[in-house]
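# Coordinate inspection notes
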2 protein chains.
Amino acid sequence: MERTHIAKVVPGEKVKIAGYIENLRNKRTMAFLVIRDITGKIQVTLVKEEHPELAAVVDQLTIDSVITVTGEAVANDYVKLGGIEILPEEIRIESVADALPIKEDSAIDSRLDYRWIDLRTEKNTLIFKVQTEMTAAMRKFLLDRDFLEFHSPKIIGAASESGSEVFKLKYFDGDAYLAQSPQFYKQMAMAAGFERVFEVAPVFRAEKSHTSKHATEFTGFDLEFSYIDDFHDVMKFEEDLITDMIEKVAAKYGDDIKRLYGIDTIVPKKPFPVMTVADIYKELEARYGYTVPESEKGDLTTEAEKMTYKLAKEMFDHEFLFVTDFDVNKRPFYHMRKDGVPQGFDLIWRGVEITSGSQREHRYAELCANAAEKGLTEDVKFYTEFFRYGCPPHGGFGVGVDRLTMLFLDLSIKEAQFIFRGPDRLNP
Amino acid sequence: MERTHIAKVVPGEKVKIAGYIENLRNKRTMAFLVIRDITGKIQVTLVKEEHPELAAVVDQLTIDSVITVTGEAVANDYVKLGGIEILPEEIRIESVADALPIKEDSAIDSRLDYRWIDLRTEKNTLIFKVQTEMTAAMRKFLLDRDFLEFHSPKIIGAASESGSEVFKLKYFDGDAYLAQSPQFYKQMAMAAGFERVFEVAPVFRAEKSHTSKHATEFTGFDLEFSYIDDFHDVMKFEEDLITDMIEKVAAKYGDDIKRLYGIDTIVPKKPFPVMTVADIYKELEARYGYTVPESEKGDLTTEAEKMTYKLAKEMFDHEFLFVTDFDVNKRPFYHMRKDGVPQGFDLIWRGVEITSGSQREHRYAELCANAAEKGLTEDVKFYTEFFRYGCPPHGGFGVGVDRLTMLFLDLSIKEAQFIFRGPDRLNP
């Protein structure tokens, strides 16, 4: 007999269900079990007298044990869970659970120690349903537009974009590093004439940060495309991608997000608002009296970034904000410049940066000059070579999958990752 | 004006195209340029007298420079490429290429040194079109069946499945390792009640092998699902997945594969043939006189594996072969056993193993006993813990994306990877 998912059980049918025991009341004459699978919960009601052999099975059970139950589904108005209960004819024990070491409200570190138990709740499982839909929607958007998927190496020969913050590993008789981003390789794909590429893959940052949004390993969603006119093409593309993705997540899980997290999933209007860094500081000062020293005005401070949530809401009734015109010293050497202004942007959602993007410098001479100016020459030589033998103009951006997940559900990064990795956490 | 992809150019229209210069004949009165983009090639024909300013631009061009051309597309029966040529009104130089350091028939190592140039040919670009479709098809198959996508950590605290062959890295004040597979984590997802998960991500193997099919880093496509009856459910699922995927690749790129590689993409019949290791050796001896010592008969030798291509063709007219009943000593401790027989399989395509799969041992006591028997206890303790607090029966398998790509097009692994990583190759 085929297993039926709990959400699909209808009264009057004989069914086989399977799942974890969420609740267990083992009385003298009756036993009530609440079974949970990925789709929902249902009550199993056993009249012991009728099935003494099943009563003996139930006596062995504990919370979070896994069982398979075959029986008749019947309507019962007194049962809370959808008004259906199952009268069991057979109960098979798949796995008996020891007493659980954590509870739903245990401290986050204990929950991470036993992450597989922590993830069993409907609320926490939803995190990965949302993440799955989010990633699938973005990938489909790109595949529908003829993007190629590629897989760039994570073990690299030279410390990439900057010398700091990379993990070093022993590679046979020499050393190697873990890639901080697929940046150089997605641009290599442009130099290979692939025109449009994306990659969803882990990136590694050896930063000793202990914030609610930093991890040493996370999943990057990166893309790059050729023959753009300028970086506004990249911004336009991103707002289309993000809007489509939120639309799909809202359609599939908007109600669950509201029910379990109390959060409204708002599909953004297009176009997204755009402000220069300078204008943001002007408004923050005028509206909230927030100022920073002149020397810090080339980039957004973490606090300014946070305040843009309120600002974008007030000025544009929008949760997103594109920020442009950063100081050239605050941007990587591979961003194209025009009259000294980097041709790129950040995208902020709910006060947190989710993207850096730009038109890239594809002209060999200009690129080498920019690198030299930042004191990078030998380190990036393998990369600048990509642009010596012909390369189309191109641009792109990356978004952090975990960070997007976090923002969807107002979580910390520790909760948003399947397994969190930080300076002090390597297990499980 | 919007750019038009070359394959979409029709005579009689004014178009803007962009791409690499594949061929350049710059004569006294005329210039002929063949431009290549991701969709095809087209000739640009310049009558110099009519456009002296464009003649000056063409004088600066080299092979593989990138240009944007605006002009009229006209039919011309004398032009080979689709009978269309473009009469340019404007030529913009995007990027001038230095003299190319490699040719199409250069030695593989030089080609890998300049991989971005090597990949520009239609033939090599097809590798990643095929790979994109292959991965997209498999992912869609799983998403349509309610699989959740997850991202497991690549930096792990303990050397995973075995102590050998892992890369070690410095992790702040301690050590860490690179994951050899997401095996333990996809099973953790089962213990978390996720029921069905998949991951497409890099895996790392510190093997000093120099074969045509081994790499130190490659892309694994891994999946795992709960509530199976036995490992035949897993095999059935895999043959459905693989068949659907090959069908889609054949539909989209079958003609290109035939034209550029001379290979027929054969959609396999279902069910795939299944043989035990013992039966394979019997047939190999009877048919081809191939024998191995009794001590090696618990597993397939590399040579036996290769010979199964011919064997499966002869016996079943099939390119695939499931192999079962390996010796228990040749299989990992986490495979379930029944009467001493591992409940798993390999899948061989065209004489190369593409998958190992099995029902997993989800019972804590049995799992710990199996681990102890292999001398693994402390190393895998973090993993065996997953099964102490309830876990459904489950199974799964993984396929190598690069290896599948390789087999589709009869390539070596060096050619099939976007960037190959081997013991002697860390660049670019």
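Residues numbered from 1 in each chain as written. Chains lettered and ligands numbered in written order. Predicted model: local features only at pLDDT ≥ 70, side-chain atom pairs only at ≥ 80, totals over all residues. Heavy atoms only, no water.

A few words now on the packing of helix 4 (residues 122-143) of chain A against helix 11 (residues 401-409) of chain A. Residues and elements named next belong to chain A. Two elements in contact, helix 4 and helix 11, have axes separated by 10 Å at closest approach and are oriented at 125°. Considering their axes alone, helix 4 and helix 11 lie oblique with respect to each other. Here helix 4 and helix 11 pass one another in a crossing that is right-handed. Contacts between helix 4 and helix 11 involve Ile127, Val130, Gln131, Met134, Thr135 and Met138 from the first element and Val401, Asp402, Leu404, Thr405, Phe408 and Leu409 from the second. Taken together, the residues that form the contact of helix 4 with helix 11 break down as eight nonpolar, three polar and one charged. (Axes fitted to C-alpha atoms, helices over the stretch in contact; angles between N-to-C directions. Helix = DSSP H or I, 4+ residues; strand = E, 2+ residues; numbered from the N terminus. Parallel < 35°, antiparallel > 145°, perpendicular 65-115°, else oblique. Left-handed = near helix turned anticlockwise from the far one by under 90°. Contact = heavy atoms within 4.5 Å. Nonpolar A, V, L, I, M, F, W, Y, C, P; charged D, E, K, R; others polar.)

Listed per partner, the contact involves 93 residues of chain A and 93 residues of chain B. Interface area, chain A with chain B, both sides summed: about 7,700 Å², of which 62% is carbon and sulfur. A per-residue breakdown of the area chain A buries against chain B is headed by Trp116, Tyr389 and Phe418 of chain A, which together make up 11% of the total. Counting the contacts that link chain A with chain B gives eight salt bridges. Here chain A is connected to chain B by 46 residue pairs in polar contact (both at pLDDT 80 or more). Tallying contributions element by element places helix 4 of chain A first for the side of chain A that touches chain B, with nine residues. (Buried area = accessible area lost by both parts, 1.4 Å probe. Salt bridge = Lys/Arg side-chain N within 4 Å of Asp/Glu carboxyl O. Polar contact = N/O pair within 3.5 Å; in protein donor to acceptor, adjacent residues only side chain to side chain.)

Right, let's get into the pattern of salt bridges. Under the criterion given, the structure shown has 82 salt bridges over all chains. A salt bridge links Arg3 of chain A to Glu195 of chain B, with the shortest nitrogen-to-oxygen separation between them at 2.9 Å. Taken together, the positions of Arg3 of chain A in the segment before strand 1 (14-26) and Glu195 of chain B in the loop between helix 5 (183-191) and strand 10 (196-204) put the pair across two chains. Put simply, Glu22 of chain B and Lys41 of chain B hold a salt bridge, and the shortest N to O gap is 2.8 Å. In this pair, Glu22 of chain B is assigned in strand 1 (residues 14-26) and Lys41 of chain B in strand 3 (residues 40-47), connecting sequence segments 19 residues apart. On the accessibility criterion, Lys41 of chain B (29% relative accessible area) is partly exposed. Via salt bridges that share partners, Glu22, Arg36, Lys41, Asp64 and Arg120 of chain A belong to a single interconnected network. (Buried < 20%, exposed > 50% of the residue type's maximum accessible area, 1.4 Å probe, protein only.)

This next bit is on the pairing of strand 16 (residues 344-349) of chain A. For a regular strand, side-chain orientation follows a simple rule: the groups alternate between the two sheet faces. Residues and elements named next belong to chain A. Among the six residues that make up strand 16, six are buried, leaving the element largely enclosed by the rest of the structure. By the alternation rule, side chains of strand 16 split into Gly344, Asp346 and Ile348 and Phe345, Leu347 and Trp349, which are all buried. Across five bridges, strand 13 (residues 320-324) lies against strand 16 in antiparallel orientation. Pairing of Val323 across the sheet is with Asp346, part of strand 16. Strand direction decides the pairing type here: strand 16 and strand 17 (residues 352-359), joined by six bridges, are antiparallel. Following the sheet pairing, Leu347 is matched in strand 17 by Thr355. Here strand 16 folds back onto strand 17 in antiparallel fashion, the turn holding two residues, of which Arg350 has a positive phi close to 50°. (Pairing = 2+ DSSP bridges.)

It is worth spelling out helix 4 (residues 122-143) of chain B at this point. Helix length check: helix 4 of chain B (22 residues) gives 31 Å between terminal C-alpha atoms against 32 Å at 1.5 Å per residue, within 8%. Summarising burial for helix 4 of chain B: 18 of the 22 residues are buried, a large majority. (Expected span 1.5 Å × (residues − 1).)

Okay, the sheet that holds strand 10 of chain B next. Residues and elements named next belong to chain B. Here we have eight strands laid out as an open sheet, ordered 6-10-11-18-17-16-13-12, and mixed in their pairing. Sheet topology places strand 6 (148-149) and strand 12 (274-276) at the edges, where each strand pairs with a single neighbour. Alignment of strand 10 against strand 11 (residues 217-226), held across nine bridges, turns out to be antiparallel. When the sheet's bridge partners are listed, Val200 is paired in strand 11 with Phe221. Along the sheet, helix 11 (residues 401-409) contacts strand 11, strand 16 (344-349), strand 17 (352-359) and strand 18 (394-400); its crossing angle with strand 18, the most-contacted strand, is approximately 55°.

Residues and elements named next belong to chain A. Those residues of helix 9 (residues 364-373) lying buried are Leu367, Asn370 and Ala371. Down the axis of helix 9, the sector holding all buried residues measures 100°, keeping them to one side. Along helix 9, exposed side chains directed more than 90 degrees from the buried face belong to Ala365 and Glu373. Tucked into the core, helix 9 has its buried residues touching strand 14 (337-338) and helix 10 (381-384). Count one or two residues on from helix 9 and you reach Gly375, which has phi positive near 75°. (Arc of directions from axis to C-beta.)

Let's shift gears to the relation of the copies chain A and chain B. Taken as rigid bodies, chain A and chain B are interconverted by a rotation of 180° and an axial shift of 0.0 Å, the fit giving an RMSD of 0.0 Å. The superposition operator between the copies reduces to a two-fold rotation axis. By C-alpha distance to the rotation axis, the residue of chain A lying nearest is Leu169 of chain A, at 2.1 Å. (Least-squares fit on C-alpha atoms with pLDDT ≥ 70 in both.)

Moving on, we come to the nonpolar core. Burial of nonpolar side chains together is a common tendency in soluble globular proteins. Formed by 88 residues in total, the largest nonpolar core has its most connected members in Tyr383 of chain A together with Leu223, Met245, Phe408 and Phe418 of chain B. Among the elements that make up this core, the one with the highest residue count is helix 6 (residues 231-261) of chain B (13 residues). In this structure, Phe408 of chain B is in contact with Val130, Met134, Met245, Ile246, Val249, Ile257, Ile263, Thr265, Trp349 and Arg350 of chain B, ignoring residues within four places of it in sequence. Ranked by size, the runner-up nonpolar core spans 87 residues in total, among them Val401, Leu404 and Leu411 of chain A together with Met188 of chain B. (Core = buried A, V, L, I, M, F, W, Y, C linked by side-chain atoms within 4.5 Å.)

Within a sheet, adjacent strands bond to each other through the backbone by hydrogen bonds, running parallel or antiparallel. Residues and elements named next belong to chain A. One open sheet accounts for eight strands, arranged 6-10-11-18-17-16-13-12; its pairing is mixed. Strands at the two margins of the open sheet, each flanked by one partner only, are strand 6 (148-149) and strand 12 (274-276). Against the sheet, helix 6 (residues 231-261) makes contact with strand 11 (217-226), strand 12, strand 13, strand 16, strand 17 and strand 18 (394-400), and its axis sits at roughly 20° relative to strand 16, the strand it touches most. Where helix 8 (residues 302-316) meets the sheet, its contacts fall on strand 12, strand 13, strand 16 and strand 17, and the angle it forms with strand 13 comes to roughly 110°.

Here we come to the side chain of Asp118 of chain B. Residue and element names in this part refer to chain B. Turning to its location among the elements, Asp118 is positioned in helix 3 (residues 115-118). Residue Asp118 is classed as buried on the basis of its relative accessible area of 5%. With near-sequence residues (within four places) excluded, Asp118 lies in contact with Ile102, Arg111 and Asn124.

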